[in-house]
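Chain by chain, the residues run as shown.
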Amino acid sequence: MEAPAAPRNQADPGVVTAEIVVNSPDQMVELGRRLAKLLRAGDLVMLTGELGAGKTTMTRGLGEGLGVRGAVTSPTFVIARVHPSLVDGPPLVHVDAYRLGGGLDEMEDLDLDVSLSDSVIVVEWGEGKVEELTDDRLHLLIHRAAGDTTDEVRRVAVTGVGERWASVDLGVLSA
């Protein structure tokens, strides 16, 4: 994996960004493990990318890094899964908002705002649906080659929004 330093967004100094190149699913899992070291209870992580981009693979690494119970798999048909911590850390709430059409109104049925303060919440397909939960969030946009390809390379744009992420060095994700 490779990445430049995480620069401040000149237009909005409350936004910190990093770009990381991931060359395999194993590296995506490892990126998730490294990201887990930066996370704490109350964090919201939004994952955006087309089908097969690596959102669930990233979340699997987060689960491993957070030391949670249960296999992290796509919660597409159950919408959300809670993975309790095995190491006295925060639980991981893994949400797949793909089938949810509405914005925050539909998400309210999941009571994410109740879980947010004591959990790490990861929402796949959450863009435009969960931003109102908190002013502080981490957004990962995963790009992959379009079309029918066996190319495993992914470009992951990591954006920290809000005071929580203003002093976090996202550059450590590329280590």
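The numbers attached to residues start from 1 for each chain and follow its sequence in the written order. The model is predicted, so local features are restricted to residues of pLDDT at least 70 and side-chain atom pairs to those at 80 or more, both for listing and for counting; the totals for chains, interfaces and linings are taken over all residues. Neither water nor hydrogens contribute to the side-chain values; these are computed over all heavy atoms in the structure.

Peer 1: Please provide a residue-by-residue account of the overall build of the chain, values included.
Peer 2: In this description a helix means any DSSP run of H or I spanning at least four residues, a strand means any run of E spanning at least two, and both kinds are numbered starting from the N terminus. Counting secondary structure elements, the chain contains 5 helices and 7 strands. Listing every helix and strand of the chain by position from the N terminus yields β-α-β-α-β-β-α-α-β-β-β-α. Relative accessibility under 20% of the residue-type maximum defines a buried residue, over 50% an exposed one, and the middle range a partly exposed one, all with a 1.4 Å probe and only protein chains included. Burial analysis of the chain (175 residues in total) assigns 45% to the buried set. Here a residue-residue contact requires only that any non-hydrogen atoms of the pair lie within 4.5 Å. For the chain, contacts bridging at least 24 residues in sequence account for 62% of all contacts bridging at least 6. Here the accessible surface of atoms and residues is derived via Shrake-Rupley with a 1.4 Å probe, and residues count as covered only by protein chains that are part of the display. Surface summary for the chain: the accessible area is close to 8,500 Å², and the carbon and sulfur share equals 49%.

Peer 1: Can you explain the packing of aromatic side chains? Please cite residues and give values.
Peer 2: We call Phe, Tyr and Trp rings a pair once their centres come within 6.5 Å, taking the six-membered ring for Trp, and we label the pair stacked below 30 degrees between planes, edge-to-face above 60, and tilted otherwise. Across all of its chains, the model carries 0 aromatic pairs by this definition. Note on criteria: charge over ring means Lys NZ or Arg CZ within 6 Å of the ring centre, with the direction from the centre no more than 35 degrees off the ring normal. Sitting over the face of the ring of tryptophan 165, arginine 164 holds its NZ or CZ atom 4.0 Å from the ring centroid.

Peer 1: Account for helix 1 (residues 25–36), naming residues and giving values.
Peer 2: Here helix 1 contains 12 residues, and its C-alpha end-to-end distance of 17 Å stays within 8% of the 16 Å for a straight helix at 1.5 Å per residue. Among the residues of helix 1, those classed as buried are Met28, Val29, Leu31, Gly32, Arg34, Leu35 and Ala36. Buried positions along helix 1 lie against strand 1 (15–22), helix 2 (55–66), strand 6 (137–144) and strand 7 (154–161). In this analysis, the expected span of each helix is defined as 1.5 Å times one less than the number of residues it contains.

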